[in-house]
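# Per-entry structural report
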Amino acid sequence: MRIEIAKHAGYCYGVERALTLAKTAALSRTTPIRTLGPIIHNPQVVDSLVEMGVTPVETINEVGEGTVIIRTHGVDPQVIVDARRRGLKVVDATCPFVAKAQRRAAALKQEGYAVVIVGERNHPEVEGVLAYVNGNALVVEKASDISNLKEKRVGVVVQTTQSIENLRKIVLQLLARSIDIKVYNTICNATSQRQVAARELANRADAMVVVGGKNSANTTRLAQICREKNGRTFHIETADELVVEWFEHCNLVGLTAGASTPDWILKEVEERLASQ
Ligand code: SF4
């Protein structure tokens, strides 16, 4: 059985940057260090940071002193203002691509467009972008969600981890009902590259293994994309979840990983597969 890793897989620029910022803060720590929510959607990485003294909290109300790290997904800008007002040191690890989506949304609102955010309603990144337009935007997950939209001037931004196919379907629907449309494709490069590479590999492989947090939007999307091309797609977090029977009669097993999956977990999965 041959194992092939997708051309683009694993850690992206934004995650590496956030982890470097967190580890640097941990090394120089004299006061408690907290992350607002898990710094990335990967439980194994979050656990290893806890060992270094970087612990997640739900809100800044839980932080009395020290440093608070804003994760890659970004937050409501008011949260940063409040944290500084409380005397906390803020390390802003918002991914620059997420920050771009936040700025684009604010600009669209200022230009008078009705803002549409293509993304998952309850995802922290989308909640953050929504805050940049004071909550005045329609969040759409799929094309049918725009059926109640009345506005004729519509500006679109996209959750960075969405698939281009979903964006395309939604924009097509919008074209049919709006007069003036401005679309900022804020899907990030790392996401697109991982999706294209995963799709191509899933097409050729007998089975696909997608490695990454079950709570990770970009990993879940990779698994969906692979599943559309290959019914034998399995989403796991660690090598321990592999089941020998999944790979019966397989000549080629494809392997990919979300942008928040560290290399060492991917390597472990590859080695475990090779030993089967
Ligand atoms: S997937 Fe893209 S937007 Fe998200 S953290 Fe990585 S580089 Fe940034």
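Residues numbered from 1 in each chain as written. Predicted model: local features only at pLDDT ≥ 70, side-chain atom pairs only at ≥ 80, totals over all residues. Heavy atoms only, no water.

### Details of the overall build of the protein
Short version of the rule: Strands are runs of DSSP state E lasting at least two residues, helices are runs of H or I lasting at least four, and both sets are numbered from the N terminus onward. Radius of gyration: over C-alpha atoms. The globule rule applied is 2.2 Å multiplied by the number of residues raised to the 0.38 power. To sort residues, take the accessible area from a 1.4 Å probe on protein chains only and compare it with the maximum for the residue type: under 20% means buried, over 50% means exposed, and anything in between is partly exposed. Here, residues are in contact when the closest pair of their heavy atoms is within 4.5 Å. Computed by Shrake-Rupley with a 1.4 Å probe, the accessible areas treat only the displayed protein chains as cover when residues are assessed. Note on charges: Lys and Arg go in the positive column, Asp and Glu in the negative column, and His and the chain ends are not counted at all. To locate a charge, take atom NZ for lysine, CZ for arginine, CG for aspartate or CD for glutamate.
When its secondary structure is counted, the protein shows nine helices and 12 strands. The C-alpha atoms of the protein give a radius of gyration of 20 Å, which matches the 19 Å a tight globule of 276 residues would have. With respect to the three principal axes, the spread of C-alpha positions in the protein is 55 × 55 × 25 Å. Here the protein, with 276 residues, has 52% of them falling under the buried criterion. In the protein, the share of contacts with a sequence separation of at least 24, taken over all contacts with a separation of at least 6, comes to 71%. Here the protein displays about 13000 Å² of accessible surface, and carbon together with sulfur accounts for 49% of that area. Across the protein, 34 positive and 31 negative side-chain charges occur, with their mean positions spaced 8 Å apart.

### Details of the site of the ligand
To keep it simple, the criterion reads: Definition of nearness: a residue and a molecule or strand are near each other if at least one heavy atom of the residue lies within 4 Å of the molecule or strand. In this count, Pro and Cys sit with the nonpolar residues alongside Ala, Val, Leu, Ile, Met, Phe, Trp and Tyr, while Asp, Glu, Lys and Arg are called charged and the others, Gly among them, polar.
In the neighbourhood of the ligand, the contacting residues comprise Cys12, Gly14, Cys95, Phe97, Thr160, Cys188, Thr191 and Ala259. Residue classes in the shell around the ligand are distributed as five nonpolar, three polar and no charged.

### Re unusual backbone geometry
A positive phi angle, close to 55°, is found at Asn134, a residue other than glycine. With respect to the helices, strands and loops of the structure, Asn134 is situated in the loop between helix H5 (124–131) and strand S7 (137–140). Looking at Asn134, the relative accessible area reads 62%, which means it is exposed. Of note in the backbone geometry, His249 takes a positive phi value of approximately 60° without being a glycine. With respect to the secondary-structure elements, His249 resides in the loop between strand S11 (233–236) and strand S12 (252–257).

### Quick word on H5
Counting buried positions along H5 yields six of eight residues, so the element is predominantly enclosed. Turning to H5, its buried residues are Pro124, Glu125, Val126, Gly128, Val129 and Ala131. Packed against the buried residues of H5 are helix H3 (77–85), helix H4 (96–110), strand S6 (114–118), S7 and strand S8 (153–158).

### A look at the pairing of strand S5 (residues 89–92)
On a regular strand, each side chain points to the face opposite its neighbour's, so the side chains alternate between the two faces of the sheet. The condition is simple: Two strands qualify as a pair provided that DSSP identifies no fewer than 2 bridges between them. By convention a crossover is right-handed if, when the strands point away from the viewer, the path from the first strand over the helix to the second runs clockwise.
Summarising the sheet, strand S4 (residues 67–70) and S5 pair through four bridges and their orientation is parallel. Opposite Thr67, over in S5, you have Lys89 as the bridge partner. Following the chain from S4 across H3 to the adjacent parallel S5, one finds a crossover that is right-handed.

### Some thoughts on the sheet that holds S4
So the rule is basically this: Whenever a helix is involved, its axis is fitted only over the stretch in contact; in every case the axis is a line through C-alpha atoms, and angles between N-to-C directions fall within 0 to 180 degrees.
Across the sheet, which stays open at both edges, the four strands sit in the order S3-S2-S4-S5 with parallel pairing between neighbours. The open sheet has two free edges, formed respectively by strand S3 (54–57) and S5, since each of these has just one partner strand. Taking each pair of neighbouring strands and ignoring which way they run, the sheet shows an average axis angle of 30°. By the bridge criterion, three bridges tie strand S2 (residues 33–36) to S4 in an arrangement that is parallel. If you follow Arg34 over to S4, its bridge partner there is Val68. In the packing of helix H1 (residues 13–27) onto the sheet, the strands contacted are S2, S3, S4 and S5, and the crossing angle to S5 comes to about 150°.

### Some points on the domain arrangement of the protein
Reports often express the size of an interface as the amount of accessible area lost when the parts come together. Stated formally: Those domain boundaries reflect an automatic or database domain assignment. In short, buried area is how much 1.4 Å probe accessible area vanishes from two parts on joining, totalled over both. Note on definitions: salt bridges are taken to be side-chain nitrogens of Lys or Arg within 4 Å of carboxyl oxygens of Asp or Glu. For the purposes of these results, a polar contact is taken to be a pair of N or O atoms within 3.5 Å, where, inside protein, one atom must be able to donate a hydrogen and its partner to accept one; residues adjacent in sequence count only when each atom of the pair is a side-chain atom.
Each assigned domain of the protein is listed with its residue range as follows: domain 1 (2–10 + 189–274), domain 2 (13–95) and domain 3 (97–183). Taking only C-alpha atoms into account, the centre of domain 1 sits 29 Å from that of domain 3. Contacts between the two partners involve seven residues from domain 1 and, on the opposite side, nine residues from domain 3. Summing both sides of the interface, domain 1 and domain 3 together bury roughly 570 Å²; the carbon and sulfur share of this comes to 45%. Among the residues domain 1 hides against domain 3, the three largest losses belong to Thr191, Ala217 and Arg221. Together they make up 62% of the total. Linking domain 1 with domain 3 are two salt bridges. Arg199 is the salt-bridge partner of Glu165, the closest N and O atoms lying 3.2 Å from each other. One can count five residue pairs in polar contact (both at pLDDT 80 or more) joining domain 1 with domain 3. At the level of secondary structure, the elements contributing two or more residues to the side of domain 1 that touches domain 3 comprise helix H7 (189–204) and helix H8 (217–229). Looking at the side of domain 1 that touches domain 3, the element that brings in the most residues is H8, giving four residues. A breakdown of the residues in the side of domain 1 that touches domain 3 according to their chemical character gives two nonpolar, three polar and two charged.

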